[in-house]
Amino acid sequence: MLFILYFSRLALILRFVIMKNLNDIKLFIGDELAQLNKIIEETLTSDNQLMNSIVFNFLKVKGKQLRPMLVLISGKLMGGINKQVITAGAAIEILHNASLIHDDVIDDSKERRGTPTINGVWTNHIAVLVGDFFVSKALVCAVETGNKDILKVLATLGANLSLGEINQYDVARNHTITEDAYFDIISKKTASLFASCVEVGGIAAGAKTEELKPIIEFAHRLGLCFQIKDDTFDYFKDPVVGKPTGNDLREGKVTLPLIYALSLEDRPERDYMLGLINQHNYSESDIECLVEWAKDCGGIDYAYNKMHELYETGAALLDAYGDNECTQALKSIFQYIIERNK
């Protein structure tokens, strides 16, 4: 299986036209990204010392900042990065962080990116209040752009993020195990955020609705790919425990590799695996059994093939804007998302 995965990834690399690595892309928009982060810090500063302390510790770990990068590159592509683009990027990044804080409460996560979560250090009560504070400040930033269309995108995004999580819970509860249901969930809970990033960047730069359609579709595919890749991590060994994490299954989430395996009606083990899934509680041996079976059935290869398809169709959409530094940077971000290992 590792042999197959190696060549699958090698084939993908050869098919990409690579402009830059992620650090080079950050340098490409480095000054503007620094201004965006300064706006985030200033916006989240309050007259409450406890809130300031929690916010400061949270912001110390910024991650890859893919989403604000997409806002800035979209703005640059659509006419240039102005103050409105940067402020819109800050708004959407603050809202994204609010969703992470709330997700940690929902999932009872004690760590994120190797750092204790707010609810892990304090309590769920404090974390929810901090998350709500972030949501409010995201809206303040959006209002400061002076563009009601940007405010509308953020409001719609907030609703979609919530609906995606509710849909995921409903699907898990009712054991609705189909690829269509899976893509509907990740369209709302993940892809909608990526699509909103390029939309607000373009709006803030003065682009027309028709001009934005291809890049929004590109970003939607990028977001789908991001979640598919995230989900594949659950099928491989955790370096600490030495076995697949299986966290998604523990939470009742059936993701693409296993969905594909379950679609293979000629597999003699299929009915047994469906029986395991229809249980309300999984033992550790059940989880390992399902994970290994999905891999044996080619579920990981299927997920990679889907990601390749999403890249190919997404890259073609960018042809509408020509071959330039911005479109090359967007393609490179897509490559990074598929090739990342965490």
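In this text, all values refer to a predicted model and were calculated from it rather than measured experimentally.

Digging into the overall build of the chain
Thinking step 1. What the chain contains, in helices and strands, is 17 helices and 2 strands.
Thinking step 2. For 342 residues, the compact-globule formula gives about 20 Å, and the C-alpha radius of gyration of the chain, at 20 Å, lands near that figure.
Thinking step 3. By principal-axis analysis of the C-alpha atoms, the chain measures approximately 60 × 50 × 30 Å.
Thinking step 4. Counting the 342 residues in the chain, one finds 50% classified as buried.
Thinking step 5. Considering only contacts within the chain whose residues lie at least 6 apart along the sequence, 77% involve residues at least 24 apart.
Thinking step 6. For the chain, the computed accessible surface area is about 16,000 Å², with 53% contributed by carbon and sulfur atoms.

Considering a nonpolar patch on the surface
Thinking step 1. Together, Leu50, Val121 and Trp122 make up an exposed nonpolar region whose accessible area comes to about 280 Å².
Thinking step 2. Tracing the backbone shows Val121 in helix 7 (residues 118-121).
Thinking step 3. By relative accessible area, which is 52% here, Val121 ends up exposed.

Things to note about the state of the cysteines
Thinking step 1. Within the structure shown, the criterion is met by 0 disulfides.
Thinking step 2. Cys297 provides the cysteine sulfur closest to Cys289, a residue in no disulfide bond, and the two sulfurs are 10 Å apart.
Thinking step 3. In this structure Cys289 comes out as partly exposed when scored by relative accessible area, which is 27%.

Some remarks on the nonpolar core
Thinking step 1. Phe134, Leu154, Ile215, Ile228, Leu258 and Ile333 are the most contacted members of the largest nonpolar core, which totals 104 residues.
Thinking step 2. Residue contributions to this core peak at 12 residues, all from helix 10 (residues 179-204).

Digging into helix 14 (residues 270-277)
Owing to its 3.6 residues per turn, the α-helix aligns residues three or four sequence positions apart on the same side.
Thinking step 1. Listed in full, the buried residues belonging to helix 14 are Arg270, Met273, Leu276 and Ile277. Summarising the axial view, the buried residues of helix 14 lie within an arc of 120 degrees, below the 170-degree limit, and thus occupy one face. Exposed side of helix 14, more than 90 degrees from the buried face: Asp271 and Tyr272 are the residues found there.
Thinking step 2. Contacts from the buried residues of helix 14 go to helix 13 (256-262) and helix 15 (284-296).

Concerning the packing of aromatic side chains
Thinking step 1. Under the definition given, this model contains 6 aromatic pairs.
Thinking step 2. Both rings, one in Phe218 and one in Phe334, keep their centres 5.6 Å apart while their planes meet at 70 degrees; by these two values the pair is edge-to-face. Pair noted here: Phe218 is in helix 11 (residues 209-232) and Phe334 is in helix 17 (residues 325-339), with a separation of 116 residues, a long-range link.
Thinking step 3. Judged by its relative accessible area of 0%, Phe334 falls in the buried class.
Thinking step 4. The structure contains a cluster of three or more aromatic residues connected by ring pairs, namely Phe218, Tyr311 and Phe334.

With respect to the packing of helix 10 against helix 11
A pair of packed helices is characterised by two quantities: the angle between their axes and the separation of those axes.
Thinking step 1. The N-to-C vectors of helix 10 and helix 11 enclose an angle of 135 degrees; their axes lie 7 Å apart at closest approach. One element, helix 10, and the other, helix 11, form an angle in the oblique class. Relative to helix 11, helix 10 is oriented so that their crossing is right-handed.
Thinking step 2. Of the residues contributing to the contact of helix 10 with helix 11, the split by class is 16 nonpolar, 6 polar and 3 charged.

A word on the pattern of salt bridges
Where side chains of opposite charge bring their charged atoms close, a pairing between them can arise.
Thinking step 1. Applying the stated criterion across every chain yields a total of 10 salt bridges.
Thinking step 2. Notably, a salt bridge pairs Asp108 with Lys110, separated by 3.1 Å at the nearest N-O pair.
Thinking step 3. Among the ionic pairs, Arg340 bridges to Asp230, the shortest N-O distance being 3.0 Å. Placement of Arg340 in the segment after helix 17 and of Asp230 in helix 11 is noted, with a sequence separation of 110 residues between them.

Structural notes on unusual backbone geometry
Among all residues save glycine, negative phi is the norm, and among peptide bonds the norm is trans.
Thinking step 1. The backbone of Gln65 shows a phi angle near 55 degrees, a positive value even though the residue is not glycine.
Thinking step 2. Mapping Gln65 onto the fold places it in the loop between helix 4 (49-59) and helix 5 (66-77).
Thinking step 3. Under the relative-accessibility criterion, Gln65 is labelled buried at 8%.
Thinking step 4. One non-glycine residue, Asp108, lies in positive phi territory at about 55 degrees.
Thinking step 5. Within the secondary structure layout, Asp108 lies in the loop between helix 6 (83-107) and strand 1 (111-112).
Thinking step 6. Taking relative accessible area as the criterion, Asp108 reaches 44% and is therefore assigned partly exposed.

Rules and cut-offs
- Residues numbered from 1 in each chain as written.
- Predicted model: local features only at pLDDT ≥ 70, side-chain atom pairs only at ≥ 80, totals over all residues.
- Heavy atoms only, no water.
- Helix = DSSP H or I, 4+ residues; strand = E, 2+ residues; numbered from the N terminus.
- Rg over C-alpha atoms; globule rule 2.2 N^0.38 Å.
- Buried < 20%, exposed > 50% of the residue type's maximum accessible area, 1.4 Å probe, protein only.
- Contact = heavy atoms within 4.5 Å.
- Areas by Shrake-Rupley, 256 points an atom, 1.4 Å probe, with all protein chains shown as cover.
- Patch = residues over 30% accessible without salt bridge, like charges linked within 9 Å, V, L, I, M, F, W, Y side chains within 5 Å.
- Salt bridge = Lys/Arg side-chain N within 4 Å of Asp/Glu carboxyl O.
- Disulfide = S-S within 2.5 Å.
- Core = buried A, V, L, I, M, F, W, Y, C linked by side-chain atoms within 4.5 Å.
- Arc of directions from axis to C-beta.
- Phe/Tyr/Trp six-rings, centres within 6.5 Å; stacked < 30°, edge-to-face > 60°.
- Axes fitted to C-alpha atoms, helices over the stretch in contact; angles between N-to-C directions.
- Parallel < 35°, antiparallel > 145°, perpendicular 65-115°, else oblique.
- Left-handed = near helix turned anticlockwise from the far one by under 90°.
- Nonpolar A, V, L, I, M, F, W, Y, C, P; charged D, E, K, R; others polar.

Note that all results are geometric; they support no functional claim without further evidence.
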